[in-house]
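# Report on the structure
Next come the chains, spelled out residue by residue.
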Amino acid sequence: SLPAKLINGGIAGLIGVTCVFPIDLAKTRLQNQQNGQRMYTSLSDCLIKTIRSEGYFGMYRGAAVNLTLVTPEKAIKLAANDFFRHHLSKDGKKLTLLREMLAGCGAGTCQVIVTTPMEMLKIQLQDAGRIAAQKKLMAAQAQWYSSPAAAAAEPAVETRTTATQITRELLRSKGIAGLYKGLGATLLRDVPFSIVYFPLFANLNKLGQKDPNVKAPFYVSFLSGCVAGSTAAVAVNPCDVIKTRLQSLQRGVNEDTYSGILDCTKKIWQREGPTAFFKGAYCRALVIAPLFGIAQVVYFIGIAEFLLDMLPKHRA
């Protein structure tokens, strides 16, 4: 049932995000680094420096936004894919690869309604620590060289902002369109991701089914979700880098600004080289693999069906 699908998707999203959010924070900070003042060299270096400067909970900056909006986001994604698969297979025939890809495309298109503002707010909060640390480092370097103007400069003090403050400011200055900055780049990432992920998962999961009418064991669903998720994540990482850069409202010292997808692509290619499009790719794979593995296990076990079945018994 639709309520069960929505509950399953929501539970899966909450569990998955809680487990992998620190890696996602590192991914955002690594992707936003441009040539010049680089704060982090790797995933482990980013997490260690974050804990030292911001404490353990610094790794969960922006998690509240994700935990709030990941439920509708994952629910829409998983339920929409099932909806499109159901309607594309009404003739009773087995879904072809093309129809599976079309179902994934539909799911990816539907989810951006929630994904775009969620990512927009999350990125501001995740990257705030990197920008503040960079400003402090630049101030310290200026004082070290003892130039008159720089010596008087005080180390930058980070002002903690909240998702609510960012939302109010964007709505006040740009209206609802402010929350949907980077919508095109989000579509460019999420639609191909779903086109790759859902057919790949469905076919991998079928390999573990002894009977077409019986669900695959939970470990098969978990591994299928991990493999399909990490493969799709790496495949669309260039689009994720572009999306992250476009949705960042604040820039570090001497970092480029972008007017759109083409301008961003051109500047990254010319100034940082083609390898820059794969910044944070392994972090993204580490985030997506367990996230979708957990999601598919929860979804296929059917926790929501169990809870909904218990309600009438409890009332009785």
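Residues numbered from 1 in each chain as written. Predicted model: local features only at pLDDT ≥ 70, side-chain atom pairs only at ≥ 80, totals over all residues. Heavy atoms only, no water.

The name given to the protein chain in an unreviewed UniProt entry is Mitochondrial glutamate carrier 1, with Cnemophilus loriae as the source organism. The Function (unreviewed entry) comment attached to the protein chain in UniProt states, word for word, "Mitochondrial glutamate/H(+) symporter. Responsible for the transport of glutamate from the cytosol into the mitochondrial matrix with the concomitant import of a proton. Plays a role in the control of glucose-stimulated insulin secretion." Listed under Catalytic activity (unreviewed entry) in UniProt, the entry text for the protein chain is "L-glutamate(in) + H(+)(in) = L-glutamate(out) + H(+)(out)". (UniProt positions renumbered as here; feature names shortened; annotations may be inferred.)

Another point: the overall build of the protein chain. Looking only at helices and strands, the protein chain has 13 helices and zero strands in total. Going from N to C terminus, the protein chain has its helices and strands arranged as α-α-α-α-α-α-α-α-α-α-α-α-α. Pairs at least 24 apart in sequence give 80% of the contacts found in the protein chain among residues at least 6 apart. (Helix = DSSP H or I, 4+ residues; strand = E, 2+ residues; numbered from the N terminus. Contact = heavy atoms within 4.5 Å.)

Now for helix α6 (residues 163-174). Taking 1.5 Å per residue as the helical rise, α6 with its 12 residues ought to reach 16 Å, and the 16 Å between its terminal C-alpha atoms agrees with that figure. For α6, the set of buried residues is Ala163, Ile166, Thr167 and Leu170. For α6, the arc enclosing every buried residue in end-on projection is 100 degrees, short of the 170-degree limit, so these residues lie on one face. Residues of α6 that are exposed and point over 90 degrees away from its buried face: Arg168 and Arg172. Downstream of α6 by a residue or two, Gly175 has a phi angle that is positive, lying close to 75 degrees. (Expected span 1.5 Å × (residues − 1). Buried < 20%, exposed > 50% of the residue type's maximum accessible area, 1.4 Å probe, protein only. Arc of directions from axis to C-beta.)

Ranked by size, the top nonpolar core spans 30 residues in total, and within it Leu43, Phe193, Tyr197, Ile288, Leu291 and Phe292 carry the most contacts. Listing elements by their share of this core, those giving two or more residues are α1 (2-32), α2 (43-54), α3 (63-88), α8 (183-206), α9 (218-235) and α12 (281-301). (Core = buried A, V, L, I, M, F, W, Y, C linked by side-chain atoms within 4.5 Å.)

Here we take up helix α10 (residues 237-247). Burial of α10 is extensive: 11 of the 11 residues sit out of reach of the surface. Residues Asn237, Pro238, Cys239, Asp240, Val241, Ile242, Lys243, Thr244, Arg245, Leu246 and Gln247 constitute the buried set of α10.

All right, on to empty space enclosed by the protein then. In total, this model carries one cavity of 30 Å³ or more according to the counting rule given. In this structure, the largest cavity occupies an estimated 290 Å³ of space. Taken together, 24 residues make up the lining of the largest cavity; nearest its centre are Lys74, Glu119, Arg284, Ile288 and Leu291. Grouping the constituent residues of the lining of the largest cavity by class yields 10 nonpolar, three polar and 11 charged. (1 Å grid on protein atoms, 1.4 Å probe; cavity = no way out; pocket = protein on both sides within 12 Å on 5 of 7 lines; lining within 4 Å. Points joined across faces, edges and corners; volume = space filled by probe spheres on them. Nonpolar A, V, L, I, M, F, W, Y, C, P; charged D, E, K, R; others polar.)

Moving on to the pattern of salt bridges. According to the stated counting rule, one finds 19 salt bridges in the structure shown. When the shortest N-O distance is used, the salt bridge between Arg172 and Glu169 registers 2.6 Å. Linking Arg172 with Glu169, this pair stays in helix α6, spanning three residues, or about one helical turn. (Salt bridge = Lys/Arg side-chain N within 4 Å of Asp/Glu carboxyl O.)

Below, the discussion takes up the environment of Ala79. Counting through the fold element by element, Ala79 comes out in helix α3. On the basis of relative accessibility, which here comes to 9%, the residue Ala79 falls in the buried class.

Let us look at the packing of aromatic side chains. Both the distance between ring centres and the angle between the ring planes are used here to describe each pair of aromatic rings. Tallied over the entire structure, the rule returns 10 aromatic pairs. Relative to Tyr197, the ring of Phe193 has its centre 5.8 Å away and its plane inclined at 10 degrees; by these criteria the two rings are stacked. Of this pair, Phe193 and Tyr197 both sit in helix α8, separated by four residues, roughly a single helical turn. For the pair Phe193 and Tyr197, a shared accessibility class is recorded, and that class is buried. Here a set of aromatic residues connected by ring pairs shows up, and it is made of Phe193, Tyr197, Phe198, Phe201 and Phe292. (Phe/Tyr/Trp six-rings, centres within 6.5 Å; stacked < 30°, edge-to-face > 60°.)

With that settled, consider the environment of Leu262. Mapped onto the elements, Leu262 comes out in helix α11 (residues 261-272). A C-alpha to C-alpha distance of 9.3 Å links Leu262 and Ile242, two positions 20 residues apart in sequence.

Bringing the side chain of Ser224 into the picture now. Checked against the element boundaries, Ser224 lands in helix α9. A polar contact is formed between the side chain of Ser224 and the backbone nitrogen of Asn205, at a distance of 3.5 Å. With sequence-adjacent residues up to four places away left out, Ser224 is seen in contact with Phe201, Leu204 and Asn205. (Polar contact = N/O pair within 3.5 Å; in protein donor to acceptor, adjacent residues only side chain to side chain.)

We now examine a nonpolar patch on the surface. Together, Phe218, Tyr219, Phe222 and Leu223 give the surface a local cluster of nonpolar side chains, amounting to about 430 Å² of exposed area. Within the secondary structure, Phe222 is located in helix α9. (Patch = residues over 30% accessible without salt bridge, like charges linked within 9 Å, V, L, I, M, F, W, Y side chains within 5 Å. Areas by Shrake-Rupley, 256 points an atom, 1.4 Å probe, with all protein chains shown as cover.)

Here Ala75 shows up in helix α3. Sequence-distant contacts of Ala75, that is, excluding residues within four places in its chain, are made with Leu6, Gly9, Gly10, Val70 and Ala80.

Mean pLDDT over the protein chain: 82, with 85% of residues reaching 70 or higher. In the model, residues 149-156 has pLDDT below 50 throughout and makes nine contacts with residues more than four positions away in sequence or in other chains. (pLDDT = per-residue confidence, 0-100.)

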